[in-house]
Every structure is written in structure tokens, then in C-alpha cells.
Amino acid sequence: MKSSAVRRSTTTAVLAASLVASLALAGCAKSESDEAGDSAAATGSGGGQVVATPGAGKAATCTVDQFGGAKSDLAHATVGFSQSEKEANPFRIAETASIKAEAKRRGVKLLTANAQSQFSKQISDVQDLIAKGADLLVIAPLNSDGWGPVLRAAAAKKIPIVTIDRKINATACKDYVSFIGSDFVEQGSRAADRMIEATGGKGKVAILLGAAGNNVTTERTKGFKDRIEEKAPDLQVVFEQTGEFAREKGQQVTEQLIQSNPDITGIYAENDEMGLGAVNALKSAGKKPGAVKIVTVDGTRNAVRSIVDGWISGVIESNPRFGPLAFETLDTFTKGDKVDQDIVIQDSAYTDENAKADLDKAF
């Protein structure tokens, strides 16, 4: 998606209060085998997603007639949900819990699968969901490419697909209906703004890249580097290495970073888990809180708490509570009404000014 397409100042209202309440997140899911709507279906008192929309009439839309399917009633449908990553990441825990909670709230039959961070497994998972009778699919893709087998299988049965959080490289309103997610370029730009503020716009910065092969990593990197180049030419990006969106890997990469660049000024971690791994590495190296400025993306409770503790300088939110918006999109679409092909959500941010007060909004 293009950040220019988003007018962050014009937003729709938050989804109905009942939808938000159903996602009040209060615990942590342990696995995909948990029953929908158990205590893990909620992760904090933070609200549901707010949609940031382009100017009226400018968004590309999709209807069931354009897609080539038939109208149906979501209440009587079976929805298949494919999660991409292991339930070790708080973002994925909250995302899955949100989908399960909303399915239960609506009384919709939900089939779930977790690819355990293996792309080949995710492809077979979705094919299995189709074989088990899924009428509609919600997919959190691990990678953006390689979805041909799934798209062909879904197309043969006219099964609508909504992707969340990451895009697949395919044609909207032909191969899939809608993508719901953040403006990742904008997230990178906002992270850069926070890094510039924290460092005074000078010094050496490292980037802990997300996993390769998806649009989130590419776009968060582009947004950050472009903004640094534009606004802070004295802030040099001297190190880039993937931490694979994992805390342990983020710690390992930061340990290497400290050895090769002991004078590093700041670290931009493209998700909170890598940023928390960086914090662990800095602690082990005897660094003091704030000695190296860290900016991350997601909004997990541990990362926001690390702002309060002085280890992280800022967190750009990436809201994982997709359940209400995903099911609302499917409901609207199956009734025959139009939905946007790109549904961009508006994300907030956490800094030392609001982290303590807003900790309960984190997931």
C-alpha cells in the first residue's frame, strides 16, 4: 500500500463498542488448540482497530459480483483462519485471540490452523481448511509470494479470501477480496521521526530487519531509511541484519552489533520482540538504560513497559486486533455490498510521555 493513499486525519469511527468490548484483551493464548473465546481471547483493555481511509470515492473496491461469487449469510458460513507464526509472539497471540473471540461473538463456525512459521505448512494448512469445508478464508500470510496453489484451489470453489497484517502478491478482487493492515511505510517513517528525536539527528543507527519475503519488512525498512535520508543526513544507517521478528535472534544480532559497532547510537527494531532481544543484549553488555536509543514497532505490553523503564525510546503501534474488522468485511462482502480492496488501519504510538498511562492499551 502507498502511504500517500492514507489521510490519517480522516478516520471512521471505531467499530461498534460491542465489538471493541469483545476484544478486551486480558490474558495470553498458549496455542491454536485453545477453544475460541477462552481467557486468551482478550489481551488488554485497548480498543479495536480504527480505519484510516483515502478520500471519498478514491479507494478501489470489490463486490461479490465483481469477484465472481454468490451472496451468502456469514452467520451460516464456516470461516477458515490460517495463522502464520508460532504462538510465541504476543502479536500473533493477540491476533489469533481476536479472530476467535469475534467468531464466537457472532456464532460463526471457525476452523483454525497454525503454520508454525513454516511457509510450506501454511500452504498445506489452507488447502486443508478448504478441504474441510471453509466457505471463507482469513489468512495471516507468512510470505507474500508463493500463494498460487492456494489461490487456484480457492478460485475453483469461489472462496473469498481476506488477508490480514501482510499482503500476498496477487490481484485484489480476483485472487483475494481485501487486505486489512497497517501502512507499513508510514510506520517506518514514524519510527524514524522518533529515532531522530531521541538521538538529536546525529550518530550511527542499526536496523534489525524483519523476516525476508514479506511486504512488512520491505516497507518498514523503506519508510525508515527514506525519512532518515530526508530529515537527518547526519544519522547514518551503518548496520542491517535480519532478526527474523524473533526475540532470541534479535538478541544474537545485537550482540554481534555491539562487537562490530561499539559506538552505535540507536537501534531500529522492526518489531517489539527483536527490540526486547536488543534490550537483553545491551543489559548483558553492561549498558545503561537509554545509552543506546531503541525504537520498535508493535505495541506489546513488555515493550511499552520498557519505555517506562528507560530502555526503549518509542514504540509505533501495529494493532493486532483484526477480528471485528475482518468479520465485518466478510459480512459486508457476502451480503453483496462493496468493500475496500485495501483497508488501512490507523496506529497510535507510545513514548515516554504516555507509556505509563497507556500501558493497559498494549497487548
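The following refers to the structure shown. (Residues numbered from 1 in each chain as written. Predicted model: local features only at pLDDT ≥ 70, side-chain atom pairs only at ≥ 80, totals over all residues. Heavy atoms only, no water.)

The subject of this paragraph is helix H9 (residues 272–284). Here H9 spans 18 Å end to end across 13 residues, near enough to the 18 Å set by a 1.5 Å rise per residue. In terms of burial, H9 is largely enclosed, as ten of its 13 residues are buried. Restricting attention to buried positions, one finds in H9 the residues Asp272, Glu273, Met274, Gly275, Leu276, Gly277, Ala278, Val279, Ala281 and Leu282. Residue glycine 286 follows H9 closely and has a positive phi angle near 80°. (Helix = DSSP H or I, 4+ residues; strand = E, 2+ residues; numbered from the N terminus. Expected span 1.5 Å × (residues − 1). Buried < 20%, exposed > 50% of the residue type's maximum accessible area, 1.4 Å probe, protein only.)

On to the state of the cysteines. Per the stated rule, a full pass over the model turns up one disulfide. Sulfur-sulfur distance for the disulfide between cysteine 62 and cysteine 173 comes to 2.1 Å. Negative torsions about the S-S bond denote left-handed disulfides, and the value of about 80° found for cysteine 62 with cysteine 173 makes this one right-handed. Of the two residues, cysteine 62 is situated in strand E4 (residues 61–62) and cysteine 173 in the loop between strand E8 (161–164) and strand E9 (178–182); the sequence distance between them amounts to 111 residues. We classify cysteine 62 as buried; its relative accessible area is 0%. Note on cysteine 173: relative accessible area 11%, which makes it buried. (Disulfide = S-S within 2.5 Å.)

Enumeration over the complete set of coordinates arrives at five aromatic pairs. With 6.0 Å between their ring centres and 75° between their planes, phenylalanine 91 and phenylalanine 363 make a pair best called edge-to-face. With phenylalanine 91 in helix H3 (residues 90–106) and phenylalanine 363 in the segment after strand E17 (349–350), this residue pair connects regions lying 272 residues apart in the sequence. Phenylalanine 363 shares its class with phenylalanine 91; the two are buried. Aromatic side chains phenylalanine 119 and tryptophan 147 sit 5.4 Å apart centroid to centroid with 80° between the ring planes, which places their arrangement in the edge-to-face category. Taken together, the residues phenylalanine 119 in helix H4 (residues 119–131) and tryptophan 147 in the loop between strand E7 (136–139) and helix H5 (148–156) connect sequence positions 28 residues apart. (Phe/Tyr/Trp six-rings, centres within 6.5 Å; stacked < 30°, edge-to-face > 60°.)

With that settled, the discussion passes to the sheet that holds strand E12 (residues 266–269). Pairing in this open sheet of six strands is mixed, and the strands run E11-E10-E12-E13-E14-E17 from one edge to the other. In this open sheet, the two edge strands, each paired with only one partner strand, are strand E11 (235–242) and E17. Where E12 meets strand E13 (residues 293–298), three bridges bridge the pair, whose relative direction is parallel. Bridge assignment links tyrosine 268 to a residue of E13, and that residue is valine 295. Strands strand E10 (203–209), E11, E12, E13, strand E14 (314–317) and E17 of the sheet are contacted by helix H6 (residues 184–199), whose axis makes an angle of about 160° with E13. Docked against the sheet, helix H7 (residues 215–231) engages E10, E11, E12 and E13, running at close to 170° with respect to E10. (Pairing = 2+ DSSP bridges. Contact = heavy atoms within 4.5 Å. Axes fitted to C-alpha atoms, helices over the stretch in contact; angles between N-to-C directions.)

Its place among the elements puts valine 308 in helix H10 (residues 301–308). The class for valine 308 is partly exposed, based on a relative accessible area of 40%. Separated by 45 residues in sequence, valine 308 and glutamate 353 have C-alpha atoms that sit 9.2 Å apart. Setting aside its immediate chain neighbours within four residues, valine 308 contacts Ala355 and Lys356.

Taken in spatial order, the seven strands line up as E3-E16-E9-E8-E7-E5-E6 in an open sheet, and their pairing is mixed. Strands at the two margins of the open sheet, each flanked by one partner only, are strand E3 (50–52) and strand E6 (109–114). With direction set aside, neighbouring strand axes in the sheet form an average angle of 25°. As judged from the four bridges shared by E9 and strand E16 (residues 342–346), these two strands associate in the parallel manner. From the neighbouring strand, serine 182 faces E16, where its bridge partner is isoleucine 345. Here H3 sits on the sheet and contacts strand E5 (78–83), E6, E7 and E8; the angle it forms with E5, its principal contact strand, is near 175°. The sheet contacts of helix H11 (residues 323–334) involve E3, E5, E6, E7, E8, E9 and E16, and relative to E9 the element is tilted by about 155°.

What follows deals with the nonpolar core. Within the largest apolar cluster, 50 residues are counted, with the highest numbers of intra-cluster contacts made by Leu137, Trp147 and Ile312. Sorting the residues of this core by element identifies H4, E7, H5, E10, helix H8 (247–260), E12, H9 and H10 as the ones contributing at least two each. The biggest single contributor to this core is H9, with six residues. Ignoring anything within four residues of it in the chain, the contact list for isoleucine 312 reads Leu276, Val279, Ile294, Thr296, Ala303, Ser306 and Ile307. (Core = buried A, V, L, I, M, F, W, Y, C linked by side-chain atoms within 4.5 Å.)

Turning next to the pattern of salt bridges. By the definition in use, this model includes 24 salt bridges. Ionic pairing is found between aspartate 331 and arginine 106, a salt bridge with its closest N-O pair at 3.6 Å. You can see aspartate 331 sitting in helix H11 and its partner arginine 106 sitting in helix H3, a full 225 residues away along the chain. The exposure class of arginine 106 is partly exposed, given its relative accessible area of 22%. A salt bridge links aspartate 342 to lysine 167, with the nearest nitrogen and oxygen atoms 3.3 Å apart. With aspartate 342 in strand E16 and lysine 167 in the loop between E8 and E9, this residue pair connects regions lying 175 residues apart in the sequence. (Salt bridge = Lys/Arg side-chain N within 4 Å of Asp/Glu carboxyl O.)

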